[in-house]
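In case you want the letters, here they are:
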Amino acid sequence: MLIKKAASLTENDTTSESHYLNRRQFIGAGLVTGAAATLGSGGVAAEDGIKPFGQYQKSTAQFANSGFYTRETQTPFDDATHYNNFYEFGTGKTDPARYQSKFVSTPWSITVDGHCQKPGRYHLEDLMKPRNMEERIYRLRCVEAWSMVIPWIGFSLGGLLSQMEPTSKAKYVAFTTLQDPQQMPGQRSSSSFVDWPYIEGLRMDEAMHPLTLMAVGLYGREILPQNGAPIRLVVPWKYGFKSIKSIVRISFVEEMPATTWNKAAPDEYGFYANVNPDVSHPRWSQSSERRLPSSLFSPNRIETTLFNGYAEQVASLYRGMNLAKQY
Ligand SMILES: Nc1nc2c(c(=O)[nH]1)N[C@H]1C(S)=C(S)[C@@H](COP(=O)(O)O)O[C@H]1N2
Ligand SMILES: [Mo]
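Residue positions within a chain follow its written sequence, with the count starting from 1. Each chain takes a letter, starting from A, and each ligand takes a number, starting from 1, following the order in which they are written. Only residues with pLDDT of at least 70 are given local features in this predicted model, and only at 80 or more are side-chain atom pairs given and counted; all residues enter the totals for whole chains, interfaces and linings. To get the side-chain values, take all heavy atoms of the structure and skip hydrogens and water.

Looking at an unreviewed UniProt entry, one finds the chain named Protein-methionine-sulfoxide reductase catalytic subunit MsrP, with Sinobacterium norvegicum as its source organism. UniProt positions are given in the numbering used here, feature names are shortened, and annotations may be inferred rather than shown by experiment. Heading Sequence similarities (unreviewed entry) of the UniProt record for the chain holds this comment: "Belongs to the MsrP family." Quoted straight from UniProt, the Subunit (unreviewed entry) entry for the chain says "Heterodimer of a catalytic subunit (MsrP) and a heme-binding subunit (MsrQ)."

Chemist: Before we go on, may I ask you to explain the UniProt feature "binding site: Mo-molybdopterin" (unreviewed entry) in the chain in this structure?
Modeler: When the UniProt feature table is mapped to this numbering, "binding site: Mo-molybdopterin" (unreviewed entry) covers N84, Y87, E88, C142, T177, N227, R232, S243, I244 and K245. What R232 contacts, discounting residues up to four positions off in sequence, is W152, L213, M214, A215, I223, N227, S243, I244, K245, S246 and I247. Numbered from the N terminus, helices here are DSSP runs of H or I no shorter than four residues, and strands are runs of E no shorter than two. With respect to the helices and strands, the residue K245 is situated in the loop between strand 9 (232–234) and strand 10 (247–253). Residue burial is assigned from relative accessible area. The probe radius is 1.4 Å, only protein chains are included, and a residue is buried under 20% of its type maximum, exposed over 50%, and partly exposed in between. Judged by its relative accessible area of 9%, K245 is buried. A contact between two residues is defined here by any heavy atoms of the two lying within 4.5 Å. Those residues in contact with K245 that sit more than four places away from it in its chain are N84, N85, F86, T177, Q226, N227, G228, I231 and R232.

Chemist: Sorry, what's going on with the pairing of strand 7 (residues 213–218) here?
Modeler: Where a strand is regular, its side chains alternate between the two sheet faces. Of all six residues that make up strand 7, six are buried, and the element is covered over most of its length. When DSSP finds two or more bridges between a pair of strands, those strands are recorded as paired. Looking at chain direction, strand 7 and strand 8 (residues 221–222) are connected through two bridges and run antiparallel. Its bridge partner being in strand 8, L218 is matched across the sheet by R221. As consecutive antiparallel partners, strand 7 and strand 8 are separated by two residues, and within that stretch Y219 has a phi angle of approximately 50°, a positive value.

So this is what it looks like as C-alpha cells:
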C-alpha cells in the first residue's frame, strides 16, 4: 500500500515480506530455538488474549450458494495473525503482531451518528447481545496481490444498520478506526503515508448486502488486535483495505466519504475497490494473486476472479457502472 512512485518499485517491494518469509522457513525447518518460548503447540503463538470464541454457528457447505462458505484450503492461523496490514501498528507485515500486546479492546464502544433515528454511543456488548454469531469462511484479497482464506466469526452489518433506522438521506456509511497514538505506534510515526484516523466507507446497498460482515472472531477464537479487535469490517469482494479494523464510529452520510487510501493516492486506490483481474493497479497487474501460505520456492500463484469470486452474489450492485472508471 505504499504510494512511492519510484519506477522500479514492484509489488514485492510493497509487501516487505522478507522478514516474514525468513520466520516461516525458520519455524518450518524445525530450527526454532530462542523463539520457541513464545510458541505453543501446532505453531500457534501462545500470546495473551487468544480466547476461544464461545457460541457461534459453524459455516458449512449448505451456505456455499450464499458465498458464506468456501471449501478452499484455509490459511493457517499463524499466517493470518502474523502477516497483516494494520498501519496503525507499523507498515511492516509483522509489525501488527509484534506491537499489539498492550492494545486494550475492552471496554469498547461505537459512536453511531449522521442520518439515522437512533444515533448514540453503544457498548459493543449491547450491539452483540441480540445477534447470532455466525462463522463465514471468506477469501480476503489484498490490493497488493496476495490473498488468504479466513474463517471469521461475526454478524451481517445490515442488521446493525437497520437497528439504527437510517433515514432516506443516508446514501453511504463511513467507518472510523480508533485513534490512539499511545497504543498504536504507527500513529506516532512522522513518516506516515496516511492521515489518521483511518476511514473507510461503503455505499448503502453494499453495506446492507448479507456478505458484508462485522467480524469479532476468527478461527474459533476471539479476534486478535492485529486483525482488528474487537470489531472490524470484512467485505470479501473488495480489496482488503476496505475492511477497516478496530471500528469506533459508524456514520450515515449523504455524500461519498473521503477514505484513507483514496485520499492518499486516488489514481491507485478507488472508493469502490472491487476486486477485478481486468483493471490493473498503475504499478502491477491484478490478474493473479499469491495465496498464502506461499514461499519463494512455492509461490502458490492463482488467478484472480471478478469480485473475488463473489460475482454471483454482488455483480447486480454494479450493473451499468464502468468498472474501469469507477475502480
Ligand atoms: N484501520 C486499518 N484497517 C485496515 C488496514 C489498516 O492499515 N488500518 N489495512 C487494510 C488492509 S490493506 C488489509 S489487506 C486488511 C488486512 O486484514 P488482516 O490483517 O486481518 O488480514 O486490513 C485492512 N484494514
Ligand atoms: Mo490490503
